[in-house]
Amino acid sequence: MTLLRHTPKEITERSALTINPAKTCQPIGAMYAALGIHGCLPHSHGSQGCCAYHRSALTRHYKEPVSAATSSFTEGASVFGGQANLLQAIENIFTVYEPEIIAVHTTCLSETIGDDLNQIRDKAQKEGKIPAGKHVIGASTPSYVGSHVTGFSNMVKSAVAQLAESTGHKNGKVNILPGWVEPSDMEEIKRLATLVGVDSILLPDTSGVLNGPLSGEYKMFPEGGTTVEEIKATGDAIGTLALGEWCSADAARLLDSQFKVPCKVLDMPFGLKATDRFIDALRTVAGVSVPNEINTERGQLVDLISDMHQYFYHKKVALVGDPDQLIAMTEFLVSIDMLPVHIVTGTPGKAFERRIREITKELPCEVNVKAKGDMFLLHQWIKNEPVDLLLGNTYCKYIARDEDIPFVRFGFPILDRVGHQYFPSVGYKGGLRLLEKILGVLLDRKDRDDPEETFELVL
Ligand code: SF4
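In every chain, residue numbers begin from 1 and rise along the written sequence. Since the coordinates come from a predicted model, pLDDT governs what is reported: local features require at least 70, and pairs of side-chain atoms require 80 or more to be given and counted, while whole-chain, interface and lining totals use all residues. Remark: hydrogens and water are excluded; side-chain values derive from all non-hydrogen atoms of the structure.

Here we look at helix α12 (residues 292–312)
For the record, the criterion: Each helix is a run of H or I in the DSSP string that is no shorter than four residues. Each strand is a run of E no shorter than two, and both are numbered from the N terminus. To estimate the expected span of a helix, count its residues, drop one, and scale the result by 1.5 Å. Each residue is assigned a bend, namely the angle between axes fitted to the seven residues that terminate at it and the seven residues that start at it. For every residue, the accessible area obtained with a 1.4 Å probe (protein chains only) is divided by the maximum for its type, and the residue is called buried under 20%, exposed over 50%, and partly exposed between those limits. A contact between two residues is defined here by any heavy atoms of the two lying within 4.5 Å.
The first and last C-alpha atoms of α12 sit 28 Å apart over 21 residues, in line with the 30 Å expected at 1.5 Å per residue. The largest bend in α12 comes to about 45°, at S306. Residues I294, E297, L301, L304, I305, M308, Y311 and F312 constitute the buried set of α12. On the buried face of α12, the contacting elements are α8 (183–196), α11 (272–286), α13 (323–335) and α17 (427–449). Immediately beyond the C-terminal end of α12, within one or two residues, lies H314, with a positive phi of roughly 60°.

Shown next, in the form of structure tokens:
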């Protein structure tokens with residue numbers, strides 16, 4: 001990464017080479033989703049190295065200790081399969097750590113061997129290795145396809161597929177699948193649902209797990225997280241709101257087809273319009289009108305946009321991140337008259353490119369968009385068409401430094417700043433925070449570069 005300044009301006013077509021990936025591997029997403037289940041110990045079915053990497057990636061982003069177990073494959077398991085390791089692990093984990101539930105995800109190695117998690121789980125059940133009232137779920141997360149977003153989606157889908165039940169009686173609750181957002185965002189989504197008067201089940205829910213207080217007391221399983229009972233109850237809900245096609249739609253559609261829980265797939269509520277649609281969906285499901293408190297929050301966001309519009313107007317932006325977040329973020333930037341001109345996600349899916357093209361079709365400039373792209377390509381695009389702002393994860397700091405671009409950290413991973421755990425980016429209040437951050441770097445740059453004649457005290 002230190003050699004980014006040598007990135008050539010000329011773009012060469014590449015099909016079999018990724019340079020500076022804009023994604024990470026499936027199990028990290030599966031592990032993050034599993035941490036949003038109360039009393040859950042994520043378990044990595046593979047070698048110790050994979051598990052150590054996944055745990056450290058999450059620990060560095062959330063600045064919280066992340067516990068996970070591993071099947072610790074060595075040569076034997078790599079050749080003959082990891083069934084014996086996993087059976088032993090399930091027994092040991094329930095005996096030593098006493099979780100409510102173990103969420104197993106596979107890795108490249110166990111997928112290549114062909115280990116069948118369902119079969120191993122059934123065997124563990126038959127052999128009495130899963131204590132009464134405890135649970136084991138499993139998700140297939142081969143990292144040679146998809147990305148961390150796919151892994152997240154696969155784990156949420158497995159949780160409902162393997163735990164949800166239907167009693168035949170609706171419970172009046174609404175499932176909200178928030179997708180991969182921060183613990184602070186999950187807290188905000190719950191707050192908004194409660195304000196509108198919706199009795200919700202949020203799955204997963206990492207608030208209170210990865211943004212907990214320092215109490216001086218170590219708790220292996222923090223207070224937060226969706227309980228197993230709540231996940232079971234998702235099958236009796238009156239509806240599901242899935243936030244994000246890539247992160248949440250699969251689980252929502254499964255609840256729809258298997259338990260007749262109707263679902264609506266929405267964009268993640270980043271920015272004004274996507275939040276409007278989310279609040280409208282909540283209002284519709286609750287059959288109420290939008291409370292004043294939420295109208296006030298919306299009005300504050302609109303006020304900030306109109307007050308500072310001159311600084312946003314036609315500023316060019318480059319973005320990199322995950323599809324669901326980028327779609328909502330691009331729409332937000334377009335709505336405040338910014339020009340998102342280079343947009344890259346590492347996660348595959350042509351639908352992403354189509355959606356971004358649709359959102360940006362009225363812009364008075366060319367837009368570069370790529371799914372399954374990488375940061376090298378983003379850097380090359382920036383060299384050819386410079387931007388005023390860069391939005392993305394911590395890895396963007398090399399590009400920002402080399403090209404001297406104002407930079408706002410957004411997405412996963414953020415390894416060198418704090419705040420994402422505590423302050424939401426979703427909803428109207430989250431919109432205020434995003435704009436405050438964007439304005440902060442744009443105006444800092446203006447103050448730095450303005451000649452003395454135009455250097456202003458009041459902006
Ligand atoms: S890409 Fe595969 S082998 Fe590498 S850390 Fe991820 S799961 Fe393990």
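Concerning unusual backbone geometry
Here the bond from L203 into P204 is cis, since omega is -10°, no more than 30 degrees from zero. Along the chain, P204 turns up in the loop between β6 (200–202) and α9 (228–233). Look at the link from F412 to P413: it is a cis peptide, with omega at 0°. Position of P413 among the secondary structure elements: in the loop between β13 (407–409) and α17. Its identity as a non-glycine residue notwithstanding, E98 has a phi of 50°, on the positive side. Mapped onto the elements of the fold, E98 is located in the loop between α4 (83–96) and β3 (101–106).

A look at the site of the ligand
Selection criterion: One heavy atom within 4 Å of a molecule or strand makes the whole residue count as near it. The nonpolar class holds Ala, Val, Leu, Ile, Met, Phe, Trp, Tyr, Cys and Pro. Asp, Glu, Lys and Arg form the charged class, and all remaining residues, Gly among them, are polar.
Residues in contact with the ligand, as listed here, are C25, P27, C50, Y53, H54, T107, C108 and S143. Among the elements that take part in the shell around the ligand, helix α2 (residues 48–62) stands out by supplying three residues, more than any other. Along the lines of polarity and charge, the residues of the shell around the ligand split into five nonpolar, three polar and no charged.

Let's talk about the sheet that holds strand β2 (residues 69–70)
The line we're drawing: Here a strand pair is declared whenever DSSP counts at least two bridges between the two strands. Lines fitted to C-alpha atoms define the axes, with helix axes restricted to the stretch in contact, and inter-axis angles between N-to-C directions lie between 0 and 180 degrees.
Within the open sheet, the four strands sit side by side as β2-β1-β3-β4. Their pairing is parallel. Each of the sheet's edge strands pairs with one partner strand only, and the pair in question is β2 and β4 (135–139). Note: β3 against β4, five bridges, orientation parallel. The partner of I101 across the bridge, within β4, is H135. The strands touched by helix α7 (residues 148–163) are β3 and β4; relative to β4, the strand with the most contacts, the crossing angle is about 135°.

A word on the pattern of salt bridges
Stated formally: Salt bridges are counted wherever a side-chain nitrogen of Lys or Arg sits within 4 Å of a carboxyl oxygen of Asp or Glu.
The full count for this structure, using the stated rule, is 28 salt bridges. One salt bridge in this structure joins K190 and D205, with 2.6 Å as the shortest N-O distance. In this pair, K190 sits in helix α8 while D205 sits in the loop between β6 and α9, placing the two residues 15 residues apart along the sequence. Of the residues examined, K190 reaches a relative accessible area of 29% and is grouped as partly exposed. Given a relative accessible area of 7%, D205 falls into the buried group. We note a salt bridge from E331 to R277, for which the minimum N-O separation is 3.0 Å. Pair noted here: E331 is in helix α13 and R277 is in helix α11, with a separation of 54 residues, a long-range link. The buried category is assigned to E331, whose relative accessible area is 13%. Each of the salt bridges in this network shares a partner with another, and the network as a whole consists of E91, K123, E127 and K129.

What to know about the packing of aromatic side chains
How we decide: Aromatic rings from Phe, Tyr and Trp, with only the six-membered ring used for Trp, were paired whenever their centres fell within 6.5 Å, and each pair was classed as stacked if the ring planes differed by under 30 degrees, edge-to-face if by over 60, and tilted otherwise.
Counted by the stated rule, this structure contains seven aromatic pairs. Relative to F152, the ring of Y32 has its centre 6.1 Å away and its plane inclined at 35°; by these criteria the two rings are tilted. Of the two residues, Y32 sits in helix α1 (residues 26–35) while F152 sits in helix α7, which places them 120 residues apart along the sequence. Classification of F152 by relative accessible area gives buried; the value is 0%. Chaining the aromatic ring pairs together yields one cluster made of Y32, Y62, F152, W180 and F412.

Brief notes about the environment of F407
With respect to the helices, strands and loops of the structure, F407 is situated in strand β13. In this structure the C-alpha to C-alpha distance between F407 and I343, which are 64 residues apart in sequence, comes to 15 Å. Each residue touching F407, except ones within four places of it in the same chain, is listed here: L390, G392, N393, T394, C396, K397, A400 and V441.

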